[in-house]
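Spelled out from the first residue to the last, the chains are:
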Amino acid sequence: MKKYRKVISALVAGVMTASMLAGCGSSADNSQTATTEQAEGEQAAADTLTFKIGAIGPLTGGAAAYGNAVCNAAELAVSEINANGGINGYQVEYSKEDDELNAEKSVNAYNTLKDWGMQFLVGSTTSACSIAVSEYTKNDNMFQLTPSGSAVDCVKYDNVFRVCFSDPNQGIASAQYISDHNLATKVGIIYDSSDVYSNGIYQKFTEESAGKNYEIVSAEAFTQDNNTDFSVQLQKAKDAGADLVFLPIYYKDASLILTQANTMGYSPVFFGVDGMDGILTVDNFDTALAEGVMLLTPFAADATDDLTVNFVSQYQAKYGEVPNQFAADAYDAVYIIKQAIEAKNLTPDMSVSDLCESMKTAMTEIEATGLTSSKMTWEASGEPNKEPKAVVIQNGAYVSAQ
Amino acid sequence: MSFLTYLISGLSLGSIYAIIALGYTMVYGIAKMLNFAHGDFIMVGCYIIFSVTGALSGNSAIGIIAAIVLCTLLGITTEFVAYRPLRGAASPLAVLITAIGVSYFLENVALLIFGADIKSFSSVIKWEGFTLADGQLRIQGVTIVTILVSVVVLVVLQLFIKKTKQGQAMLAASEDKGAAALMGINVNRTIMLTFAIGSALAAIAGALLCSAYPSLSPYTGAMPGIKAFVAAVLGGIGSIPGAMIGGLMLGIIEILSKTYISSQLSDAIVFGILVIVLLVKPTGILGKVIQEKV
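The model shown is predicted, which means the values in this text are computed figures rather than measured ones.

Caption draft 1: Representation of the overall build of chain B within the structure. When helices and strands are counted, chain B shows 11 helices and 4 strands. In summary, chain B has a C-alpha radius of gyration of 19 Å against a globular reference of 19 Å for 294 residues, a match within 12%. Judged by the C-alpha coordinates and their principal axes, chain B covers about 65 × 50 × 35 Å. Within the span of chain B, comprising 294 residues, buried residues form 52% of the whole.

Caption draft 2: Spatial organisation of the nonpolar core. Within the largest apolar cluster, 205 residues are counted, with the highest numbers of intra-cluster contacts made by A:Ala73, A:Ala74 and A:Ala330. In terms of residue count, helix α1 (residues 2-31) of chain B provides more of this core than any other element does, 16 residues in total. Shared between two domains, this core holds at least three residues of each, these being domain 1 (51-165 + 304-387) and domain 2 (168-297) of chain A. Not counting residues within four places of it along the chain, the set of residues in contact with A:Ala330 comprises A:Ala55, A:Ala69, A:Val70, A:Ala73, A:Ala74, A:Val122 and A:Pro147.

Caption draft 3: Unusual backbone geometry, seen in detail. Cis geometry marks the peptide bond from A:Gly123 to A:Ser124; its omega dihedral reads -10°. Position of A:Ser124 relative to the elements: it lies in the loop between β3 (120-122) and α4 (127-140).

Caption draft 4: Just the sheet that holds strand β9 (residues 269-272) of chain A, in detail. Residue and element names in this part refer to chain A. Strand order in the open sheet formed by 7 strands is β7-β6-β8-β9-β10-β13-β14, with mixed pairing between adjacent strands. The outermost strands of the open sheet, each flanked by one partner alone, are β7 (215-222) and β14 (397-400). Taking each pair of neighbouring strands and ignoring which way they run, the sheet shows an average axis angle of 25°. When strand β6 (residues 186-192) meets strand β8 (residues 244-247), the two strands line up parallel, connected through 3 bridges. Its bridge partner being in β8, Ile-189 is matched across the sheet by Phe-246. Helix-sheet contacts for helix α5 (residues 169-180) involve β6, β8, β9, β10 (294-296) and β13 (390-394), and the interaxial angle to β10 is about 130°. In the packing of helix α6 (residues 196-209) onto the sheet, the strands contacted are β6, β7 and β8, and the crossing angle to β6 comes to about 155°.

Caption draft 5: Quick peek at the pairing of β6(A). All names here are of chain A. Buried residues dominate β6, accounting for 6 of its 7 residues. Relative to β7, β6 runs parallel, the two being bridged by 7 bridges. When the sheet's bridge partners are listed, Lys-186 is paired in β7 with Glu-215. Each parallel crossover has a hand, and the one from β6 via α6 to β7 is right-handed.

Caption draft 6: Quick look at the interface of chain B and chain A. Listed per partner, the contact involves 26 residues of chain B and 27 residues of chain A. Every element with two or more residues in the side of chain B that touches chain A is listed here: α1, β1 (119-120), α9 (222-235), α10 (240-260) and α11 (266-280) of chain B. When grouped by side-chain class, the residues that make up the side of chain B that touches chain A number 9 nonpolar, 12 polar and 5 charged.

Caption draft 7: Fine view of the environment of B:Ser12. Residues and elements named next belong to chain B. By the element assignment, Ser-12 lies in helix α1. Looking at Ser-12, the number of C-beta atoms within 10 Å reads 24, which means it is buried. Sequence separation between Ser-12 and Tyr-213 is 201 residues; the distance between their C-alpha atoms is 10 Å. If we skip the residues at most four places from it in the chain, Ser-12 touches Gln-140, Thr-143 and Ala-212.

Caption draft 8: Representation of the domain arrangement of chain A within the structure. Residues and elements named next belong to chain A. By the assigned domains, chain A splits into domain 1 (51-165 + 304-387) and domain 2 (168-297). Between domain 1 and domain 2, the C-alpha centre-to-centre distance is 31 Å. In this complex, domain 1 contributes 4 residues to the contact, which on the side of domain 2 involves 5 residues. Counted by class, the side of domain 1 that touches domain 2 contains 2 nonpolar, 1 polar and 1 charged residues.

Caption draft 9: The arrangement of the sheet that holds strand β2 (residues 91-98) of chain A in detail. Residue and element names in this part refer to chain A. Pairing is parallel in the open sheet, where 5 strands are placed in the order β2-β1-β3-β4-β5. The open sheet is flanked by β2 and β5 (160-162), the only strands paired with a single partner. If you compare each strand with its neighbour and ignore which way they point, the axes differ by 25° on average. Sheet topology note: the strand β1 (residues 50-57)/β3 ladder contains 3 bridges and is parallel. Looking across to β3, one finds that Gly-54 is bridged to Leu-121. Along the sheet, helix α2 (residues 64-83) makes contact with β1, β2 and β3, crossing β2 at roughly 170°.

Criteria and thresholds
- Residues numbered from 1 in each chain as written.
- Chains lettered and ligands numbered in written order.
- Predicted model: local features only at pLDDT ≥ 70, side-chain atom pairs only at ≥ 80, totals over all residues.
- Helix = DSSP H or I, 4+ residues; strand = E, 2+ residues; numbered from the N terminus.
- Rg over C-alpha atoms; globule rule 2.2 N^0.38 Å.
- Buried ≥ 20, exposed ≤ 12 C-beta atoms within 10 Å, placed from the backbone.
- Core = buried A, V, L, I, M, F, W, Y, C linked by C-beta atoms within 7 Å.
- Domains from an automatic or database assignment.
- Contact = placed C-beta atoms within 7 Å.
- Pairing = 2+ DSSP bridges.
- Axes fitted to C-alpha atoms, helices over the stretch in contact; angles between N-to-C directions.
- Right-handed = clockwise from strand over helix to strand, strands pointing away.
- Nonpolar A, V, L, I, M, F, W, Y, C, P; charged D, E, K, R; others polar.

Here it is in structure tokens:
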């Protein structure tokens, strides 16, 4: 996901220093079973043993909104877990590091966390940083679960898994969603052929659409050198009778498409992917134009299930803002790690590498429930399988699509 | 019927290219330099209109006037600081490279001030245009205004150059700077005036560009600027009516090739046609007659 430069309060910069969660490392209960096979030499007294989870994200700079969401939500999940008795009876310590959206700094952040004693990494938040860090987690054989690194290469090593859909897999998920919810009979596509992200989603979408209950009637491209006039692409979709236009593109171009569609009096359902997230934040944009636009996103803060309601209220109480999809992904990531640890009955005294080996198998066996899906499973490749979710824009806000 | 729809789309895009190309060709015709920063003057103009209009809660007329004034000052300053000292340089490339530098400079300053996030521009043309053939054909107000403004600019420029003393001085300076200076023409002042007019045109073009395609970012002017440059070359660079014709042609060719050939290859086709035109007629469509030069 490469959506940078959300406007972010400069205040954030001062506040964010790596800090440990208060209250950690305290009284784990003494009834631990001593089934340790490979106790490490430096092992401390059994009653102070803790699992150590680290998180990395851009806490300052243009993408700080993403990094803070990830690190805050992970922190929230860890404190909940500790309050409920920890994982397998062990408390969890948590630490976060800033990478400023810079791959090199992300690696430095990883090394800092490793020195601290991290056993599981939730991160990095963004794709390029996550890929850079995975070169090192691979060497150290440390378990890495990126909440939101969506580039294909993020999970190229077997020790790395992800919570979000990969970029191209959003194409598959979109096709399934449109088909499952009978959103359209004729679909038009407008995509950016000069962009890997957009092109990848477009291709997967087209492949997945074969045999679905709708038909693709137009597929028109544009390039970054030719992204001002979309009248032809829209007119072709209109002439072909498309009642849904799939836009696997970023909101920058999408905002122009919506404006031009409105000018020509064409109003199909517009369906976007995560790149569409941000359309409502465009300065001076008439949000009425985005009314009814749907987008594939793993999380809607207004959903009414208990898990979401609880998460949103806790998050709001603690950090004073409504959590976004990054927060939801990270919150799930911590609970997924917990579930995998419990599935294999792991203990904190195992070596990082042994933990990782067990986690790799555990990940392919567990079926997790979380904010972003009620049923998630993983391939050994690191890709998640889960039911796609979407939101629709109503009155200038995201509402869960039904 | 659908052909007519696409033709109107082409006309609408072409009219934007045309008005940008007018500024390009005007500066080239007189100063004999390609002001590659022209597209970025347009972007600056758009940001001024956006900011002033926003501050005055929607009064776009004052925004446009502010943009024209400030862009003119920007043009004069740029000419004085960046181009004039290099006018005597041994290679004409020096000014060209400086213009590219100015272009990057302006883009990055805008990036610093306004950030990379796009802003949605409120159209300065409130008129919606009219529909024909029972609503099947729709001509946007901004398209009509753009074409009218282009024609007015074209006529006024022609009159200015042919009928006024300053215009004659420009013509003289464009043909031979040395001889013009000997005739008592202040060449530096004449070229500065050219830049002032060119930059004012950029501000007007910016208002129309962003009204037609209301997404504003620091790179808004870059690609339309290059396309307009192509339009100016197609029409015959230095020729004012040529810029108009070149712009309209380019827009129509682009839209029609998107429609009937390939939406991905349209740029390749547009530039391919440019190559063919230049092979057949190296001076562009109207570039041959020397008197046509401004």
